[in-house]
Amino acid sequence: MEKTHGIFPVLNIDDRTWFCADHHFGHRSVLKFDRRPYADLDEMERDLVMKHNATVPPNGATVIFLGDVVYPKGDRETDWRDIVRSLHGDRKILLAGNHDASLEKRFSKVFDAVLPEGVPLTVRLRGREVRCVHSPENLCKRICPGFDDLPSGYADVLLTLEYGNERIEGEWLCGHVHTVFRKLGSMVNVGVDAWDYAPVSVADAFALLDDPRIGIPGRKGFDGDFGEAG
């Protein structure tokens with residue numbers, strides 16, 4: 001990983017790269033807030049691990065986690081490092097989310113690199129550069145003054161992009177928004193809630209960036225609840 005674009009790191013990737021975010025391991029309330037199709041926390045965690053390992057090959061893959069892997073104020077005592085170790089990926093990189101900050105030192109033992117919350121990572125594939133960040137909040141504030149990190153706030157951003165002269169600079173992959181949107185302007189949500197609870201390949205993520213639609217809502221959309229699961 002090299003540092004260009006000032007202090008921000010750049011990572012050269014290949015087609016064996018996957019992205020994911022917002023697993024919220026250990027967070028029972030996320031079942032309700034995001035209407036996840038699981039009876040309980042055990043079922044959710046088993047399925048998230050199973051789908052990850054069914055999607056990402058056991059050898060040769062890079063997996064970039066865009067934050068909120070776990071919920072540190074969770075409902076059980078678990079060594080989250082064991083869960084991370086069980087997930088496929090020869091190279092695992094974490095961009096810490098708002099719920100990961102207190103676990104960065106622990107995670108440094110199981111991730112190949114851990115970037116502090118708010119530090120973007122640029123990935124480069126055959127000359128195309130896309131930035132990755134956990135939360136798109138700061139991007140939205142740049143084009144929509146008074147932005148609130150709520151579904152209604154993202155709805156305002158969508159209206160601004162559709163009818164205003166503002167544009168989001170660059171291309172971005174993010175997490176944090178769970179079920180609010182899959183695509184908003186030049187941002188694509190790689191959270192598991194948007195991709196059938198599995199990581200998304202770089203090919204599929206970039207293909208959605210190329211989709212001409214300005215906004216593609218998530219399961220609950222721009223009018224849904226956001227709650228503490230964000």
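In the block above lies the structure referred to throughout.
As the structure is a prediction and not an experimental result, all values here were calculated from the model.

Positive phi, close to 75 degrees, is recorded for His-176, a residue that is not glycine. Structurally, His-176 is set in the loop between strand 9 (172–174) and strand 10 (181–184). The backbone phi angle of Tyr-197 is positive, close to 65 degrees, even though this residue is not glycine. Looking at the element boundaries, Tyr-197 is found in the loop between strand 11 (187–189) and strand 12 (200–201). Relative accessible area serves as the criterion here: at 5%, Tyr-197 is assigned to the buried category.

Before going further, it helps to spend a moment on the pattern of salt bridges. In the structure shown here, the tally under the stated rule is 11 salt bridges. The shortest N-O distance in the salt bridge between Asp-211 and Arg-213 comes to 2.8 Å. Using a relative accessible area of 47% as the deciding quantity, one classes Arg-213 as partly exposed. Each of the salt bridges in this network shares a partner with another, and the network as a whole consists of Asp-47, Lys-51 and Asp-196.

By the alternation rule, side chains of strand 3 (residues 17–20) split into Thr-17 and Phe-19 and Trp-18 and Cys-20, which are all buried. Bridge analysis of strand 3 against strand 4 (residues 62–65) gives 4 bridges, and the strand direction is parallel. If you follow Thr-17 over to strand 4, its bridge partner there is Thr-62. Strand direction decides the pairing type here: strand 3 and strand 12, joined by 2 bridges, are antiparallel. Directly across from Phe-19, in strand 12, lies its bridge partner Val-200.

Cut-off values and rules
Residues numbered from 1 in each chain as written. Predicted model: local features only at pLDDT ≥ 70, side-chain atom pairs only at ≥ 80, totals over all residues. Heavy atoms only, no water. Helix = DSSP H or I, 4+ residues; strand = E, 2+ residues; numbered from the N terminus. Buried < 20%, exposed > 50% of the residue type's maximum accessible area, 1.4 Å probe, protein only. Salt bridge = Lys/Arg side-chain N within 4 Å of Asp/Glu carboxyl O. Pairing = 2+ DSSP bridges.

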